[in-house]
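Spelled out from the first residue to the last, the chains are:
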Amino acid sequence: MKKAIIISMLAGLTLMAASCGKSSDSSEKNNATASVASPVAMNAEDEAGNGSSSENDELKNVAIELTDAYGIIKKDIMGGELQTDDKSVLEFKAPAPDNGDITLTKVCDERFINTDALRDFYYTIMQPSNEEYLFGGNFDKETYPEGCVLPFELSMLRYMMYDGQLYVNKNNLAVTDFYTWIDDINIEKVSDTEFTAERKYTTDCGKVKAMEFDIALEDDLWKITGIRSVNI
């Protein structure tokens, strides 16, 4: 099997409060994912292999990189732990039949400055799935002035651009108990193009749980193609 190497995507970026401020309770928890993980690619010049032990170690490194990145997706992006300025908000109205209020909060996280950065990171780590309402929407105050009724598609978005600035609809984010990974990781069902990895994590209340990941080689990149909870 070919060995894998790490190719830097956003190496060196550290999580820090931008000048516009932090969300109220994210700074302590985000220490666990202070840097953005990189995608994993194949090294075409390193095909010989040095035995199953070395190969397994290499796959562990691949799995750690991918699951570290998935932790950022699960907790920070999907779970709403990106840095935000909770004093910089936009108010809109939801369409019928909801007719409720929609609050968009300004994102000021230096790792992800727009929806393109979010989308690129997500789909480098994950196989494309049905996430049509995750990232999107590039609109402005001329088309949708503050206070107006947003169309259904915009009201369902989690992250969107408004007047060139990234905003999040926190009411559309998923609830997660994920806090941080435990370093140990198990590799199984290895073939030339895929394997599975099981990794434990702690929840926000200190309980230990586990996830199993299907990881496959697609266009010379290792990607997560499936995720399952594991009883331990």
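Here the structure is shown first, and the text comes after it.
Residues numbered from 1 in each chain as written. Predicted model: local features only at pLDDT ≥ 70, side-chain atom pairs only at ≥ 80, totals over all residues. Heavy atoms only, no water.

Chemist: Break down the packing of aromatic side chains for me, with residues and values.
Modeler: Counted under the stated rule, the structure contains 15 aromatic pairs. Residues Tyr 162 and Tyr 167 carry aromatic rings whose centres are separated by 6.3 Å and whose planes lie at 90 degrees to one another, so their mutual orientation is edge-to-face. Each member of the aromatic cluster is reached from another via a ring pair, and the members are Tyr 70, Phe 178, Trp 181, Tyr 201 and Phe 213. (Phe/Tyr/Trp six-rings, centres within 6.5 Å; stacked < 30°, edge-to-face > 60°.)

Chemist: Help me get a handle on unusual backbone geometry, residues and values and all.
Modeler: Across the junction of Ala 96 and Pro 97, the peptide omega takes the value 5 degrees, indicating a cis bond. Relative to the helices and strands, Pro 97 resides in the loop between β3 (84–93) and β4 (101–107). Even without being glycine, Asp 163 reaches a positive phi, approximately 55 degrees. Assignment of secondary structure puts Asp 163 in the loop between β6 (159–162) and β7 (165–168). Among the residues examined, Asp 163 registers a relative accessible area of 41% and is labelled partly exposed. Within the chain, Asp 220 stands out as a residue other than glycine whose phi angle is a positive 65 degrees. (Helix = DSSP H or I, 4+ residues; strand = E, 2+ residues; numbered from the N terminus. Buried < 20%, exposed > 50% of the residue type's maximum accessible area, 1.4 Å probe, protein only.)

Chemist: Go over the side chain of Ser 155, please, and point to the residues and values.
Modeler: Within the secondary structure, Ser 155 is located in helix α3 (residues 152–155). Among the polar contacts made by the side chain of Ser 155, one reaches the main-chain carbonyl oxygen of Phe 152 at a distance of 2.7 Å. With residues near it in sequence (within four places) discarded, Ser 155 still touches Pro 95, Ile 102, Leu 150, Asn 169 and Asn 172. (Polar contact = N/O pair within 3.5 Å; in protein donor to acceptor, adjacent residues only side chain to side chain. Contact = heavy atoms within 4.5 Å.)

Chemist: Describe the sheet that holds β7, with residues and values.
Modeler: In spatial order, the strands read β3-β4-β7-β6-β5; together these five strands make up an open sheet with mixed pairing. Looking along the sheet, the strands with just one partner apiece sit at the ends: β3 and β5 (135–139). Strand-to-strand twist across the sheet, computed as the mean angle between neighbouring axes with direction ignored, equals 35 degrees. By the bridge criterion, three bridges tie β5 to β6 in an arrangement that is parallel. Within the sheet, the bridge partner assigned to Phe 135 lies in β6 and is Tyr 159. Sheet strands in contact with helix α2 (residues 115–125) are β5, β6 and β7, and its direction is about 165 degrees off that of β5. (Pairing = 2+ DSSP bridges. Axes fitted to C-alpha atoms, helices over the stretch in contact; angles between N-to-C directions.)

Chemist: Just give me the short version of the pattern of salt bridges, but keep the residues and values in it.
Modeler: This structure, assessed with the given rule, holds ten salt bridges. The shortest N-O distance in the salt bridge between Asp 183 and Arg 199 comes to 3.9 Å. Taken together, the residues span a long stretch of sequence, with Asp 183 in strand β8 (residues 178–188) and Arg 199 in strand β9 (residues 194–203) at a distance of 16 residues. With a relative accessible area of 2%, Arg 199 lands in the buried category. It is possible to trace a salt-bridge network through shared partners that takes in Asp 68, Asp 183 and Arg 199. (Salt bridge = Lys/Arg side-chain N within 4 Å of Asp/Glu carboxyl O.)

Chemist: For empty space enclosed by the protein, give the residues involved together with the corresponding values.
Modeler: Regions of empty space are outlined by a rolling probe, equal in size to a water molecule, passed over the atoms. Scanning the model with the defined rule gives one cavity of 30 Å³ or more in all. Each pocket or cavity is described by its volume, and for the largest cavity that value is around 30 Å³. Around the largest cavity sit Gly 80, Leu 82, Thr 84, Val 107, Tyr 159, Val 168, Lys 170 and Leu 173, which together line it. Here the residues of the lining of the largest cavity are counted per class, giving five nonpolar, two polar and one charged. (1 Å grid on protein atoms, 1.4 Å probe; cavity = no way out; pocket = protein on both sides within 12 Å on 5 of 7 lines; lining within 4 Å. Points joined across faces, edges and corners; volume = space filled by probe spheres on them. Nonpolar A, V, L, I, M, F, W, Y, C, P; charged D, E, K, R; others polar.)

Chemist: How would you summarise the pairing of strand β11 (residues 221–230) if you had to cite specific residues and measurements?
Modeler: Bridging between strand β10 (residues 208–218) and β11 involves nine bridges; their strand directions are antiparallel. Across the sheet, the residue bridging to Met 211 is Ser 229, located in β11.

Chemist: Before we move on, could you go through the nonpolar core and cite the residues and values that matter?
Modeler: If you look at the biggest cluster of nonpolar residues, it comprises 37 residues, and the most contacted ones within it are Ile 77, Tyr 159, Phe 195 and Ile 215. Sorting the residues of this core by element identifies α1 (52–77), α2, β6, β7, β8, β9, β10 and β11 as the ones contributing at least two each. The residues contacting Ile 215, other than those within four sequence positions of it, are Ala 63, Leu 66, Thr 193, Glu 194, Phe 195, Ala 197, Trp 222, Lys 223, Ile 224 and Thr 225. Formed by 13 residues, the second largest nonpolar core is a distinct cluster that contains Cys 148, Leu 150, Leu 157 and Tyr 167. (Core = buried A, V, L, I, M, F, W, Y, C linked by side-chain atoms within 4.5 Å.)

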